[in-house]
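The residues making up each chain are set out below.
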Amino acid sequence: MIYEILDDKGDVVNRIIAEQAFVDEKYPGMYRDVTPAPELAAPVELAIDPLKAINDKLDQVIADISKMQTDVSKIAVK
Amino acid sequence: MWFPSSASFTVTYTGKYRLTAVGAGGSGASAQVLTTGGAASGGGGGAFCEKEVDLVAADVLTLVVGAGGTAVSSAGADGVDGGESSIHGAGSAAAVALNMHAGPGLKGLYTVTNAQNKAGGAGGTATGGDLNSTGGAGGAATHLTNGAEAGGGGAAGSPYGTGGAGGSAINGGAAGLLAGGGGGVGGKGWDVTAANEAGSAGGSGGAATALSTGGVSRIPGIGATGWASYKVNNALVLSSPIDPFRFLDGIAGVSPAIPAPGGGNAGSITAAGVKAGYLGGSGGVVFAAAVVAGSGSLGGGSGGRATIADVSGSSLSGVGGPGVILIERIG
């Protein structure tokens, strides 16, 4: 963790690497945590239609049913 | 024993100890605006402070380790000062007398004003040691409209004296891209003076000697090829576990995969920067894309970051090298 050590006026007098227990003991109430936040990956916009997979599946099922109906009608004619 | 973070240390064995504190490096500035460009000077290196002292079992040392200046990213931002490392003691008279301070390297500065110069951050100063060595200053940078200029970071002080300064980026002709080299503990990074130049870095044994000729190793006769081969084959980060701050064998930076103790890294106008060897400063970076400048390593200052493209927000100056404390029992 990185801490700024402050004087009585709140001005920064040092900038140190330490665990919180150390600054609590050595500089009680006279520090602030300035550890940089971890960098998050930028959000990526993907061109995904969440219903597309379902619609594609439905189209496939409907096509299969139509084909089966056609086959059945051919059998009936024979 | 290395202390990368502040701590209280209780002496276990009575004996002679060598105590070393290295102040943290400052970070270089950032100047990343639109096509009119900007200039960013480099951060200074931290100071080096060493003392040999007789300590007694149960002495308690308070070790404060300075943090390196954080990287900055903005259309215009000064860097951040590093932090001071210090050693104080309690217990025996010798421990109580300890008052070692290794001051930090200071931040680099930016400008977007034509013909304006910004000095690099000053190197840290040390007090209270048998050896007190000042850090090298960051390289200065002068802006010319439609150009981008970045100074190199200064090296930390060392047992061999004041750290090498970062190379400056001060153009004597038409505007362009200029990146000063990082300082090494043996000498200064190269100053660039013309458009589209990236300066070489100082080494552990000497300053850069030409635009593309970095400083040599402190070990006599060790050429670039021999040194790189030795490092790759042995995969060593520290060249000696005993008295490591005197065994600084790095030449000017070769590759981020090859640690270069005491060596700085070169400036760049074509790619992201790379991290310097420990105590070395990193070079300035003026590449016009979203890249990060190289960071200092253990006390080294980082180079400035400037562009003539709007890449702020996704591009950073380097982080100043953190401070460190080393305690060795030597007798």
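Throughout, residues of each chain are indexed from 1 in the direction in which the sequence is written. Chain labels run from A onward and ligand labels from 1 onward, assigned in the order the entries are written. Two thresholds apply to this predicted model, a pLDDT of at least 70 for residue-level local features and 80 or more for giving and counting side-chain atom pairs, whereas whole-chain, interface and lining totals are computed over all residues.

Comments concerning the overall build of chain B
Part 1 of the argument: Runs of H or I in DSSP of at least four residues are treated as helices and runs of E of at least two as strands, each being numbered from the N terminus. Summing up its helical and strand segments, chain B has 2 helices and 19 strands in all.
Part 2 of the argument: Three exposure classes are used, all based on how many other C-beta atoms lie within 10 Å of a residue's own C-beta (placed from the backbone): buried at 20 or more, exposed at 12 or fewer, and partly exposed between those limits. Looking at chain B as a whole, 66% of its 331 residues qualify as buried.
Part 3 of the argument: Two residues qualify as a contact pair if the distance between their C-beta atoms, derived from the backbone, is within 7 Å. The contacts in chain B between residues at least 6 apart in sequence include a share of 64% that link residues at least 24 apart.

What to know about the interface of chain A and chain B
Part 1 of the argument: At the interface, 9 residues of chain A touch 14 residues of chain B.
Part 2 of the argument: Looking at the side of chain A that touches chain B element by element, the count peaks at 4 residues for strand 2 (residues 12-17) of chain A.
Part 3 of the argument: When residues are sorted by character, Ala, Val, Leu, Ile, Met, Phe, Trp, Tyr, Cys and Pro go into the nonpolar class, Asp, Glu, Lys and Arg into the charged class, and all the rest, Gly among them, into the polar class. Partitioning the side of chain A that touches chain B into residue classes produces 6 nonpolar, 1 polar and 2 charged.
Part 4 of the argument: Any two strands between which DSSP finds at least two bridges are classified as paired. Note: strand 2 of chain A against strand 7 (residues 60-66) of chain B, 2 bridges, orientation antiparallel. By the bridge assignment for strand 7 of chain B, Ile16 of chain A is matched with Gly66 of chain B.

Section: the environment of Ser168 of chain B
Residue and element names in this part refer to chain B.
Part 1 of the argument: With respect to the element layout, Ser168 can be found in the loop between strand 15 (147-150) and strand 16 (177-179).
Part 2 of the argument: Given 31 C-beta atoms within 10 Å, Ser168 falls into the buried group.
Part 3 of the argument: For the pair Ser168 and Gly199, spaced 31 residues apart in the sequence, the C-alpha separation amounts to 8.8 Å.
Part 4 of the argument: Sequence-distant contacts of Ser168, defined by excluding residues within four places in its chain, comprise Gly139, Ala140, Ala141, Gly151, Gly180 and Asp191.

Considerations on the sheet that holds strand 17 (residues 197-198) of chain B
Residues and elements named next belong to chain B.
Part 1 of the argument: Pairing in this open sheet of 5 strands is mixed, and the strands run 10-5-15-16-17 from one edge to the other. Edge positions in the open sheet fall to strand 10 (110-111) and strand 17, since each of these has one partner strand only.
Part 2 of the argument: Two strands pair when backbone bridges link them, and strand 5 (residues 37-40) and strand 10 are joined in this way by 2 bridges, in the antiparallel orientation. For Ala39, the partnering residue across the bridge sits in strand 10 and is Thr111.

Let's talk about the environment of His101 of chain B
Residues and elements named next belong to chain B.
Part 1 of the argument: Structurally, His101 can be placed in strand 9 (residues 99-102).
Part 2 of the argument: C-alpha of His101 to C-alpha of Gly129: the two residues are 28 residues apart in sequence and 7.9 Å apart in space.
Part 3 of the argument: Excluding residues that lie within four positions of it along the chain, His101 makes contacts with Cys49, Glu84, Ser86, Ala126, Thr127 and Gly128.

Observations regarding the sheet that holds strand 1 (residues 2-3) of chain B
Residues and elements named next belong to chain B.
Part 1 of the argument: Taken in spatial order, the 5 strands of this open sheet run 1-19-3-6-13, and their pairing is antiparallel. Both outer strands of the open sheet, strand 1 and strand 13 (131-133), are each paired with one neighbouring strand and no more.
Part 2 of the argument: Across 8 bridges, the pairing between strand 3 (residues 15-22) and strand 6 (residues 48-55) is antiparallel. Note on strand 6: the bridge partner recorded for Tyr17 is Val53.

What about the nonpolar core?
Part 1 of the argument: One finds Ala40, Ala150, Ala169, Ala179 and Val286 of chain B to be the most contacted residues of the largest nonpolar core, which totals 41 residues.
Part 2 of the argument: If one sorts the elements of this core by residue count, strand 16 of chain B sits on top with 3 residues.
Part 3 of the argument: Not counting residues within four places of it along the chain, the set of residues in contact with Ala40 of chain B comprises Gly28, Ala29, Ser30, Ala31, Gly108, Tyr110, Ala141, Ala150, Gly304, Arg305, Ala306 and Ser317 of chain B.
Part 4 of the argument: In terms of nonpolar packing, the next biggest core, distinct from the first, is built from 40 residues, Tyr3 of chain A together with Tyr17, Met100 and Val324 of chain B among them. Among buried residues, those of type Ala, Val, Leu, Ile, Met, Phe, Trp, Tyr and Cys that are joined through C-beta atoms within 7 Å form a set called a nonpolar core.

Regarding unusual backbone geometry
What you tend to see is this: most non-glycine residues have negative phi, and most peptide bonds are trans.
Residue and element names in this part refer to chain B.
Part 1 of the argument: Of note, Ala58 is a non-glycine position whose phi angle comes to about 85°, a positive value.
Part 2 of the argument: Relative to the assigned elements, Ala58 resides in the loop between strand 6 and strand 7.
Part 3 of the argument: Despite not being glycine, Asp243 has its phi angle at roughly 50°, a positive value.
Part 4 of the argument: Summarising the element assignment, Asp243 is placed in the loop between helix 2 (224-234) and strand 18 (305-307).

As for the confidence of the model for chain A
Part 1 of the argument: For every residue, the predictor assigns a confidence score, pLDDT, that lies between 0 and 100. For chain A, the mean per-residue pLDDT works out to 80, and 71% of the residues sit at or above 70.
Part 2 of the argument: Model confidence for chain A, summarised as mean pLDDT per element, is weakest for helix 2 (residues 52-77) of chain A at 73 and strongest for strand 1 (residues 2-6) of chain A at 97.

A word on the pairing of strand 15 of chain B
Residues and elements named next belong to chain B.
Part 1 of the argument: Of the two faces of strand 15, the one carrying Gly147 and Glu149 and the one carrying Ala148 and Ala150 are both buried.
Part 2 of the argument: Across 4 bridges, strand 5 lies against strand 15 in parallel orientation. The residue of strand 15 that forms the bridge with Gly37 is Gly147.
Part 3 of the argument: Inspection of the sheet shows strand 15 paired to strand 16 by 3 bridges, in the parallel sense. Directly across from Ala150, in strand 16, lies its bridge partner Ala179.

Side note on the environment of Ala260 of chain B
Residue and element names in this part refer to chain B.
Part 1 of the argument: Looking at the secondary structure, you find Ala260 in the loop between helix 2 and strand 18.
Part 2 of the argument: Using a count of 33 C-beta atoms within 10 Å as the deciding quantity, one classes Ala260 as buried.
Part 3 of the argument: As a C-alpha pair, Ala260 and Leu298 span 38 residues in sequence and 12 Å in three-dimensional space.

Considerations on the confidence of the model for chain B
Interpreting fine coordinate detail is not advised for predicted regions of low pLDDT.
Part 1 of the argument: Residues at a pLDDT of 70 or more form 89% of chain B, whose mean pLDDT is 87.
Part 2 of the argument: Scored as a whole, the predicted complex attains pTM 0.86, and scored at its interfaces, ipTM 0.90.

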